[in-house]
Amino acid sequence: MRVIELLPRAFLFEYTGPSEGVQVRLSFRPNPAFTPAGYEARIVHALGGTLLVNQRLKRLVEMDGRLKERVDFGYGILGHVENGETFEIRRERLSEAHWKTDLVEVHIQGKELLFKNVTKDERESRSDFRPVPQDISLAEAKVLLDQAANTRQEALLGSGRP
């Protein structure tokens, strides 16, 4: 969420082609007038990539990017993040008012304090979103979660995967 809040200030945007129905594709690159505050903002500011936006609803649908340059912290002594690292975020519309992130994929490598390697290779995919009653109790919610976990475990066992 913090990354999305930085988007309007940290980047310059440009249309990359014709609209795809109600969706428009934009490219983004660092805004030289933006001064990042903090490590996270410095990494975000070094990104470039593309966005897919639902222009009617003004909602982010997809975002993927690549680190355009190495980012050093404390002149590289405290650490750095390597050039070329990637990320992808995808959001799914569930209803008129609700969107959920269904994919977050991050691949980052760097060093901390010159010696410690830092690697983050993460892919989190979510699916099968379903509404639950607004007046659901914690006990009822636990039963639903347990049922979903058991169904998933049975599917994994049936597929031969651990």
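Coordinates for the structure precede this section.
Residues numbered from 1 in each chain as written. Predicted model: local features only at pLDDT ≥ 70, side-chain atom pairs only at ≥ 80, totals over all residues. Heavy atoms only, no water.

J.: Explanation requested: the packing of aromatic side chains in the structure shown.
T.: Any aromatic ring pair is given by two values, namely how distant the centres are and how the planes are angled relative to each other. The final tally for this structure, using the stated rule, is two aromatic pairs. Ring centres of F11 and F13 lie 6.4 Å apart, and the angle between their planes is 75 degrees; on these two criteria the pair is classed as edge-to-face. Given a relative accessible area of 2%, F11 falls into the buried group. The exposure class assigned to F13 is partly exposed, which follows from its relative accessible area of 36%. (Phe/Tyr/Trp six-rings, centres within 6.5 Å; stacked < 30°, edge-to-face > 60°. Buried < 20%, exposed > 50% of the residue type's maximum accessible area, 1.4 Å probe, protein only.)

J.: In this structure, what is going on with the side chain of H45? I would like to understand it.
T.: Considering the arrangement of structural elements, one finds H45 in helix 2 (residues 39–45). Classification of H45 as buried rests on a relative accessible area of 15%. What H45 contacts, discounting residues up to four positions off in sequence, is A10, F11, P30, N31, F34 and P36. (Helix = DSSP H or I, 4+ residues; strand = E, 2+ residues; numbered from the N terminus. Contact = heavy atoms within 4.5 Å.)

J.: Where do I start with the nonpolar core in this structure?
T.: Note that soluble globular proteins tend to have their nonpolar side chains buried in a common cluster. Within the largest apolar cluster, 23 residues are counted, with the highest numbers of intra-cluster contacts made by F11, F28, L51, M63 and F87. Of all the secondary-structure elements, those providing two or more residues to this core are helix 1 (2–10), strand 2 (23–30), helix 2, strand 3 (47–54), strand 4 (59–67), strand 5 (71–73) and strand 7 (86–93). Excluding residues within four positions of it along the chain, L51 makes contact with F13, V24, R25, L26, F28, L60, E62 and M63. (Core = buried A, V, L, I, M, F, W, Y, C linked by side-chain atoms within 4.5 Å.)

J.: How do you make sense of the pairing of strand 9 (residues 116–125) when you look at a structure like this?
T.: A regular strand places its side chains so that they alternate between the two faces of the sheet. As defined by bridge partners, strand 8 (residues 99–112) adjoins strand 9 across 10 bridges and the pair is classed as antiparallel. Directly across from L103, in strand 9, lies its bridge partner S125. Between the antiparallel neighbours strand 8 and strand 9 lie three residues, among them L113 with a positive phi of about 50 degrees. (Pairing = 2+ DSSP bridges.)

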